[in-house]
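Structural characterization, general
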Amino acid sequence: MCRVVVAPCSPFSVSPELMRDSAALARRHGVRLHTHVAETLDEERFCLEKFGRRPLELMEDLGWTGDDVWYAHGIHLNDAEIDRVAEVRTGIAHCPSSNMRLGAGACRVEDLLRAGARVGLGVDGAASNEDANIATEAHQALLLARVRATSPTALDARAAWRLATQGGAECLGRDDCGTLEVGKCADIACFRVDDLAHAGIKDLVAALALAPPARAQTVIVNGRAVVRDGRLLTADEDEIAREIAATSARLAG
Amino acid sequence: MSFLLKAGLVYTGTREIENGWVHVRHGVIIEVGSGPAPEAGEIVDEPNCVATPGLVNAHDHMYQWATRGYVADGTLFEWLRALYPVWARIDADSVRVAARAAMARLLLCGCTLSTDHHYVFPHGRPGLFEALVESARELGLRFHPCRGSMSLGDSRGGLPPDSVDDRAPSRSAAGFDVPRGGRAVLAVLRLA
């Protein structure tokens, strides 16, 4: 239920030595590696000015490619870099809401998928999203890919849902998660489709990504129900809301 | 004891099964089908739902749940420069409260497996990584916590202020030799 990852923050907040040492450390212990790459053009300019390298070139130099690595964002990748990311089997966690909130750019999801890259979805921190709903990210990913490509075929609903499930599991190195098949972990989400937002939509799987994010009625993790009737069983949601309000006020100073 | 989930539609990721069911034992799927269901110790029936694989969150910074709404119209670098000094005030308690909020929201929206990338470790504030791991365990989320770090403070040409620079990076990860499962968690809890 818990696996640790080594993850220095980003090329503009971590020294090359630390990036290199972290990769060595992770590989010595057989754990995965994660960092931010190619999120903004400011980052690209920083890397070119300070290191004389584009962000992905820098990652290559530092030993930060391979199938044990996944990057957050991967927005500003050129054609050759997209092919390279796919070739080395490095994952990309696409975070459409955060990227749009910060005006960071639009990840070339359909190009990455066409090249054979592993792509999952992330909510990113709530300070650049204000939510944590992966179904929303699937919806946003579908719409953003179509805006970017000016094409309604850039990303279909089932492909978007795959990003939200199996694609993310591949980024995290979990071939035992992400699909409902015999032998896989019993991690299951049940979404209500009889409410006003979804009732009458014929293709219910497409509805999951096309229509507003559906209410999760029952959620099972590792064969155990943690959400029933849309309510959290393992903690008191109202108490959590009160605590986060108080903590946010305290940090605001 | 086995567990049976029935749903109006089961979407396995490749197949769509009307009036389908998923049979589970010891946390693992042992059968997927439709029609007459096998006997099980516990049955959950969701005829008005689509059952899909649990959603996976591949990037997050859960501590940020306590700093939502800042710099509503800024670029990444503008947003970071404004928030680093606020984040420098976090401690184990604020990380725990924020992580519980982030995880609750993830679970309530159908996420079953999440990572978290935590890279702010203010000097002299122990227990941040433990707070994340313990929160996931309490709430029942499958969890891949990332031990982050920052070492390029502004005095060395980086973006973050030196106050959040963490020159002893990923040290917490150095001590464990079992990359998965409970023993790894214990090792990290000891060393983080």
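Residues numbered from 1 in each chain as written. Chains lettered and ligands numbered in written order. Predicted model: local features only at pLDDT ≥ 70, side-chain atom pairs only at ≥ 80, totals over all residues. Heavy atoms only, no water.

**With respect to the overall build of chain B**
Definition in use: Where helices and strands are cited, they refer to DSSP runs of H or I of at least four residues and of E of at least two residues respectively, numbered from the N terminus. When accessible area is computed with a 1.4 Å probe and restricted to protein chains, residues below 20% of their type maximum are described as buried, those above 50% as exposed, and intermediate ones as partly exposed. Throughout, a residue-residue contact means that at least one pair of heavy atoms, one from each residue, lies within 4.5 Å. For the area figures, the Shrake-Rupley method with a 1.4 Å probe applies, and any residue is considered shielded solely by the protein chains shown.
Helix and strand counts for chain B come out as five helices and seven strands. Order of helices (α) and strands (β) in chain B, N terminus to C terminus: β-β-β-β-β-α-α-β-α-β-α-α. Looking at chain B residue by residue over its 192 residues, the buried ones come to 63%. Partitioning the intrachain contacts of chain B with sequence separation of at least 6 by distance along the chain shows that 59% fall at a separation of at least 24. Summed over all atoms, the accessible surface of chain B reaches about 6,900 Å², with 48% contributed by carbon and sulfur.

**So, the sheet that holds strand β7 (residues 142–149) of chain B**
The test is simple: Strands are treated as partners if at least two bridges between them are detected by DSSP. For helices, the fitted line uses only the C-alpha atoms of the stretch in contact; every axis is such a line through C-alpha atoms, and the angle between N-to-C directions lies from 0 to 180 degrees.
Read across the open sheet, the eight strands follow the order β5(A)-β4(A)-β3(A)-β2(A)-β1(A)-β7(B)-β6(B)-β5(B); overall the sheet is parallel. Only two strands of the sheet have a single neighbouring strand rather than two, namely β5 (118–121) of chain A together with β5 (55–57) of chain B. Averaged over all pairs of adjacent strands, the angle between their axes in this sheet comes to 20 degrees, without regard to strand direction. As judged from the two bridges shared by strand β1 (residues 5–8) of chain A and strand β2 (residues 32–37) of chain A, these two strands associate in the parallel manner. By the bridge assignment, Val6 of chain A is partnered in β2 of chain A with Leu33 of chain A. Along the sheet, helix α8 (residues 157–171) of chain A makes contact with β2, β3 (69–73), β4 (91–94) and β5 of chain A together with β5 of chain B, crossing β5 of chain A at roughly 110 degrees.

**Observations regarding the domain arrangement of chain A**
Residue and element names in this part refer to chain A. Our working rule: Note that the domain bounds were set by an automatic or database domain assignment. For any pair of parts, buried area is found by adding up, for both, the accessible area (1.4 Å probe) each one loses once the two are put together.
Examined at the domain level, chain A breaks down into domain 1 (5–178) and domain 2 (186–253). One C-alpha centre belongs to domain 1, the other to domain 2; they are set 25 Å apart. Taken together, the contacts link 10 residues of domain 1 with 10 residues of domain 2. Both faces combined, the contact of domain 1 with domain 2 buries some 870 Å², and carbon together with sulfur accounts for 69% of it. When the buried surface of domain 1 facing domain 2 is broken down by residue, His139, Arg158 and Trp161 rank first, second and third, together holding 57% of it.

**Observations concerning the environment of Phe3 of chain B**
Position of Phe3 of chain B relative to the elements: it lies in strand β1 (residues 2–11). For Phe3 of chain B, a relative accessible area of 4% translates into the label buried. Residues Phe3 of chain B and Pro145 of chain B lie 142 residues apart in sequence; the distance between their C-alpha atoms is 28 Å. The contacts of Phe3 of chain B, once residues within four sequence positions are left out, are Ile220 and Gly223 of chain A together with Val22, His23, Val24, Ala40, Glu42 and Val44 of chain B.

**Some points on the interface of chain B and chain A**
How we decide: Salt bridges, as used here, are contacts in which a Lys or Arg side-chain nitrogen is within 4 Å of a carboxyl oxygen on Asp or Glu. Whenever two N or O atoms come within 3.5 Å, that pair is a polar contact, provided that in protein one can donate a hydrogen and the other can accept it, and provided that, for residues adjacent in sequence, both atoms are side-chain atoms. Amino acid classes used here: Ala, Val, Leu, Ile, Met, Phe, Trp, Tyr, Cys and Pro are nonpolar; Asp, Glu, Lys and Arg are charged; the rest, including Gly, are polar.
The interface of chain B with chain A comprises 107 residues on the first partner and 108 residues on the second. For the pair chain B and chain A, the summed buried surface comes to about 9,000 Å²; carbon and sulfur atoms form 64% of the total. On the chain B side of the interface with chain A, the three residues burying the most area are His59, Leu108 and Arg142 of chain B, jointly 8% of the side's total. In this assembly, chain B and chain A are joined by five salt bridges. The salt bridge partner of Asp93 of chain B is Arg250 of chain A, with a shortest N-O separation of 3.6 Å. Counting the contacts that link chain B with chain A gives 47 residue pairs in polar contact (both at pLDDT 80 or more). Its residues assigned to classes, the side of chain B that touches chain A comprises 63 nonpolar, 28 polar and 16 charged. The pairing of β1 of chain A with β7 of chain B spans four bridges and is classified as parallel.

**Concerning the sheet that holds strand β7 (residues 216–221) of chain A**
Here we have eight strands laid out as an open sheet, ordered β9(A)-β8(A)-β7(A)-β6(A)-β4(B)-β1(B)-β2(B)-β3(B), and mixed in their pairing. The outermost strands of the open sheet, each flanked by one partner alone, are β9 (231–232) of chain A together with β3 (28–34) of chain B.

**A few points about the nonpolar core**
When a protein is soluble and globular, its nonpolar side chains tend to lie buried together. The line we're drawing: Residue types Ala, Val, Leu, Ile, Met, Phe, Trp, Tyr and Cys, when buried and joined through side-chain atoms within 4.5 Å, form a set referred to as a nonpolar core.
Grouped together as the largest cluster of nonpolar side chains are 120 residues, with contacts concentrated most on Leu112 and Trp161 of chain A together with Leu80 and Trp87 of chain B. When near neighbours in sequence (up to four residues on either side) are disregarded, Trp87 of chain B contacts Ala127 of chain A together with Tyr63, Gln64, Thr67, Trp79, Leu80, Tyr119, Val120 and Pro122 of chain B. Counting residues in each nonpolar core, the second largest holds 18 residues, with Cys190 of chain A together with Ala7, Ile29 and Cys49 of chain B among its members.

**Things to note about the environment of Phe46 of chain A**
Along the chain, Phe46 of chain A turns up in helix α2 (residues 41–51). Look at Phe46 of chain A and you get buried, because its relative accessible area is 15%. C-alpha separation for the pair Phe46 of chain A and Pro11 of chain A, spaced 35 residues apart in sequence, amounts to 8.5 Å. Setting aside its immediate chain neighbours within four residues, Phe46 of chain A contacts Pro11, Phe12 and Phe51 of chain A together with Leu152, Gly157 and Gly158 of chain B.

**Some details on the pairing of β4 of chain A**
Residue and element names in this part refer to chain A. What counts is decided by this rule: Orient the strands so they point away from the viewer; a crossover is then right-handed if the path from the first strand over the helix to the second runs clockwise.
Taking every second residue as pointing to the same face, both faces of β4 are buried, with Gly91 and Ala93 on one and Ile92 and His94 on the other. With three bridges joining them, β3 and β4 adopt parallel strand pairing. The residue bridging Ala72 from the neighbouring strand is Ala93, located in β4. Viewed along the sheet, the connection from β3 through helix α4 (residues 79–87) into β4 turns out right-handed. When β4 meets β5, the two strands line up parallel, connected through four bridges. The residue of β5 that forms the bridge with His94 is Leu121.

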